[in-house]
Amino acid sequence: LFRSMTDPIILTVSRDIAAPPEQVFNAWLDPAVARRFLFATPDGEMLTCEIDARVGGRGLIVERRPSGDARHRLLFEEIDRPRRLVFLFAADPAEEGQWTRVTIEIAATATGARLTLTHAMDPAWAAYEEQTRRGWTMILDTLSDTIGSDTIGDK
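One structure accompanies this document, and this report is about it.

Conventions used here
Residues numbered from 1 in each chain as written. Predicted model: local features only at pLDDT ≥ 70, side-chain atom pairs only at ≥ 80, totals over all residues. Heavy atoms only, no water. Helix = DSSP H or I, 4+ residues; strand = E, 2+ residues; numbered from the N terminus. Buried < 20%, exposed > 50% of the residue type's maximum accessible area, 1.4 Å probe, protein only. Areas by Shrake-Rupley, 256 points an atom, 1.4 Å probe, with all protein chains shown as cover. Expected span 1.5 Å × (residues − 1). Arc of directions from axis to C-beta. Contact = heavy atoms within 4.5 Å. Core = buried A, V, L, I, M, F, W, Y, C linked by side-chain atoms within 4.5 Å. Phe/Tyr/Trp six-rings, centres within 6.5 Å; stacked < 30°, edge-to-face > 60°. Pairing = 2+ DSSP bridges. Salt bridge = Lys/Arg side-chain N within 4 Å of Asp/Glu carboxyl O. Polar contact = N/O pair within 3.5 Å; in protein donor to acceptor, adjacent residues only side chain to side chain.

Some remarks on the overall build of the protein chain
For the protein chain, the helix and strand inventory stands at 3 helices and 7 strands. When its helices and strands are written in sequence order, the protein chain yields β-α-α-β-β-β-β-β-β-α. Within the protein chain, buried positions represent 46% of all 155 residues. When the accessible surface of the protein chain is totalled, it reaches about 7700 Å², and 50% of it is carbon and sulfur.

Comments concerning helix H3 (residues 129-147)
In this model, H3 (19 residues) spans 27 Å end to end at C-alpha, consistent with the 27 Å of a helix rising 1.5 Å per residue. Buried residues of H3: Thr132, Trp136, Ile139, Leu140, Leu143, Ser144, Thr146 and Ile147, and no others. Seen from one end, H3 has its buried residues packed into an arc of 165°, which puts them on one side. Exposed and oriented more than 90 degrees from the buried face of H3 are Arg134 and Asp145. For H3, the secondary structure elements touched by its buried residues are strand S1 (9-17), helix H1 (21-29), helix H2 (31-37), strand S5 (84-91), strand S6 (100-109) and strand S7 (112-121).

Here we look at the nonpolar core
Core analysis: the largest hydrophobic core is formed by 34 residues, its most contacted members being Trp28, Leu38, Phe87, Leu115, Trp136 and Leu143. Excluding residues that lie within four positions of it along the chain, Leu143 makes contacts with Ile17, Val24, Ala27, Trp28, Phe37, Leu115 and Gly148.

As for the packing of aromatic side chains
In the structure shown here, the tally under the stated rule is 7 aromatic pairs. Ring plane angle 40° and centroid distance 6.5 Å describe the contact between Trp28 and Phe87, whose orientation is recorded as tilted. Placement of the pair is Trp28 in helix H1 and Phe87 in strand S5, with a sequence separation of 59 residues. Each of the two residues, Trp28 as well as Phe87, counts as buried.

Let's talk about the pairing of strand S3 (residues 58-65)
For strand S2 (residues 45-51) and S3, the ladder comprises 6 bridges, and the chain directions are antiparallel. Considered in S3, the bridge of Cys49 is made with Ile61. Hairpin remark: S2 followed by S3, antiparallel, with 6 residues in the connecting loop; positive phi at Gly56, about 90°. Taken together, the 8 bridges between S3 and strand S4 (residues 68-80) define a ladder with antiparallel strand orientation. Paired with Arg64 across the bridge in S4 is Asp69. Between the antiparallel neighbours S3 and S4 lie 2 residues.

A few points about the pattern of salt bridges
Tallied over the entire structure, the rule returns 11 salt bridges. Salt bridges linked by common partners bring Glu78, Arg84 and Glu105 together as one network.

What about the side chain of His119?
Its place among the elements puts His119 in strand S7. Within polar-contact distance, the side chain of His119 engages the side chain of Thr100 at 2.6 Å. Sequence-distant contacts of His119, that is, excluding residues within four places in its chain, are made with Ile9, Ile10, Leu11, Phe89, Thr100, Arg101, Val102, Thr132 and Trp136.

Put into structure tokens, the structure is as follows:
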């Protein structure tokens, strides 16, 4: 399902969130919360947010955007509550062989939690590196606004 990559592109985005690690972790697996930040855009309408929160479980998030419906698929590989979440990710119209791996690590801080997201992408997707980084940054900003009382900083 996930083909091995030679020298993958590694994107890392971190965010300090003023919420406990458990709340930050659970947001990714609770469809009622996830639909408010995960692949949500300001001018889109969330149509579907289905999450089967178990190892081997899948997620489907579909948002209607002015350019058409954006479909995002997840396949959960590791769920280590509340520290680590690993899933395979594909945005349609990707083929099954075009999954990439996303790792989310959450650590407690004095004021809440630090979330570090690492996305390993095949070099074939190099042209999308900055767009992908901006997308994850927006998602983490929206997550922070959704569950955190304020954003502490961006590293």
